[in-house]
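The primary structure of each chain is shown beneath.
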Amino acid sequence: MKLHREGKGSIVLATVIVLAVYILSTLFLSAWAWLITLPFLVLYALVLWFFRVPNRQIGEYKTEVIAPVDGKVVMIKEVEETEFLKEKCIQVSIFMSPLNVHICRYPVTGKVIYKKYHKGKYLMAWNEKSSTDNERTTVAVETQTHHKIVFRQIAGYIARRIVFYTNVGDDAKAGHEFGFIKFGSRMDVFLPLDTQILCKIGDTTKGGLDTIAQLKDH
């Protein structure tokens, strides 16, 4: 199983803890060593599972909006995007549990025209205010069809580390990785009002594979 580079520190720390627990329990409580170590092994396995990198065949996309993360669609709503677009649009939000793959992917193909990191709070990720109040990143891509699409990584109550590798001027390819969020959070995608939404609240998504919307081809 391939593991994500963002998991290196967490995996090393988890390995040290498991080994320390096993060695100490063997030295002082030898008869109970495995019983004491077992819960730590389960947690270690969960850490490895969290940082897994699934093998996915990513297609070529032009007008399709691809799910940026694995998770559950929790919001589809007309909103005012005030940071970059400064206009009304459709917000599609996908919540990630700690058991989901946490790789963040470009939802559309085009050119990166904006990026910004915001410090903030750590409200529960399903709280509507987390989109504007929580620690977050904002990225905008101009597509090949000249749409400007904004998407946002949002930290949650548990997630305390967001990384994004994109820079203004980079080529964005729908379905390909641009960042990572540790331990549960949310992704918001802001789309033009005339976008055809192909998902509904409650749907589960696979990042890089599922089409959640279709842009109007100008």
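These figures come from a predicted structure and were not determined experimentally.

> Help me understand the overall build of the protein chain in this model?
What the protein chain contains, in helices and strands, is three helices and 14 strands. When the 218 residues of the protein chain are sorted by exposure, 48% land in the buried category. Here the contacts in the protein chain between residues at least 6 apart in sequence split such that 72% fall between residues at least 24 apart.

> Explanation requested: the pairing of strand E14 (residues 211-214) in the structure shown.
In the sheet, strand E1 (residues 64-66) pairs with E14 via three bridges, with the strands oriented antiparallel. Pairing of isoleucine 66 across the sheet is with threonine 211, part of E14. Sheet topology places strand E12 (residues 196-197) next to E14; two bridges connect them, and they run antiparallel. Note on E14: the bridge partner recorded for isoleucine 197 is alanine 213.

> Which parts of the structure should I look at to understand the side chain of serine 93?
Looking at where serine 93 falls in the secondary structure, it is placed in strand E3 (residues 87-96). Here serine 93 falls in the buried class, since its relative accessible area comes to 0%. Of the polar contacts made by the side chain of serine 93, one reaches the side chain of aspartate 188; its length is 2.6 Å.

> I'm lost on the UniProt feature "modified residue: Pyruvic acid (Ser)" (unreviewed entry) in the protein chain in this one. Help?
UniProt records the feature "modified residue: Pyruvic acid (Ser)" (unreviewed entry) for Ser185 in the present numbering. Positionally, serine 185 belongs in strand E11 (residues 185-191). With relative accessibility at 0%, the residue serine 185 sits in the buried group.

> I keep staring at the pairing of strand E2 (residues 71-81) and nothing clicks. Help me out?
In regular strands, side chains alternate between the two faces of the sheet. With two bridges joining them, E2 and strand E13 (residues 204-205) adopt antiparallel strand pairing. Counterpart to lysine 72 in the pairing with E13 is threonine 204. Relative to E3, E2 runs antiparallel, the two sharing nine bridges. Among the inter-strand pairings, methionine 75 is bridged to a residue of E3, identified as serine 93.

> Can you walk me through the packing of aromatic side chains in this structure?
Each aromatic ring pair is described using two quantities: the centre-to-centre distance and the angle formed by the ring planes. All chains considered together, the criterion is met by eight aromatic pairs. Ring centres 5.0 Å apart and planes at 45 degrees place the aromatic pair tyrosine 22 and tryptophan 34 in the tilted group. Of the two residues, tyrosine 22 sits in helix H1 (residues 8-28) while tryptophan 34 sits in helix H2 (residues 33-50), which places them 12 residues apart along the sequence. Overall, the relative accessible area of 30% leaves tyrosine 22 in the partly exposed class. For tryptophan 34, a relative accessible area of 55% gives the class exposed. Taking the centre distance of 6.1 Å and the plane angle of 85 degrees together, the rings of phenylalanine 50 and phenylalanine 180 count as edge-to-face. Linking phenylalanine 50 in helix H2 with phenylalanine 180 in strand E10 (residues 177-181), this pair joins segments that are 130 residues apart in sequence. Taking relative accessible area as the criterion, phenylalanine 50 reaches 2% and is therefore assigned buried. The buried category is assigned to phenylalanine 180, whose relative accessible area is 1%. Following the ring pairs from residue to residue traces out a cluster consisting of Phe50, Phe51 and Phe180.

Cut-offs applied
- For every chain, the first residue of the written sequence is number 1, and numbering continues from 1 onward in sequence order.
- The model is predicted, so local features are restricted to residues of pLDDT at least 70 and side-chain atom pairs to those at 80 or more, both for listing and for counting; the totals for chains, interfaces and linings are taken over all residues.
- The side-chain numbers reported here are obtained from all heavy atoms of the structure, hydrogens and water having been left aside.
- Starting at the N terminus, helices and strands are each numbered in turn, a helix being any DSSP run of H or I of at least four residues and a strand any DSSP run of E of at least two.
- Relative accessibility under 20% of the residue-type maximum defines a buried residue, over 50% an exposed one, and the middle range a partly exposed one, all with a 1.4 Å probe and only protein chains included.
- Residues count as neighbours in contact if any of their non-hydrogen atoms are within 4.5 Å of one another.
- Note on pairing: two strands pair once DSSP finds at least 2 bridges between them.
- The definition of a polar contact used here is a pair of N or O atoms within 3.5 Å, where within protein one atom must be able to donate a hydrogen and the other to accept one, and adjacent residues in sequence count solely through side-chain atom pairs.
- UniProt positions are given in the numbering used here, feature names are shortened, and annotations may be inferred rather than shown by experiment.
- Aromatic contacts are taken between Phe, Tyr and Trp rings whose centres are within 6.5 Å, Trp giving its six-membered ring; a plane angle under 30 degrees counts as stacked, one over 60 as edge-to-face, and the others as tilted.

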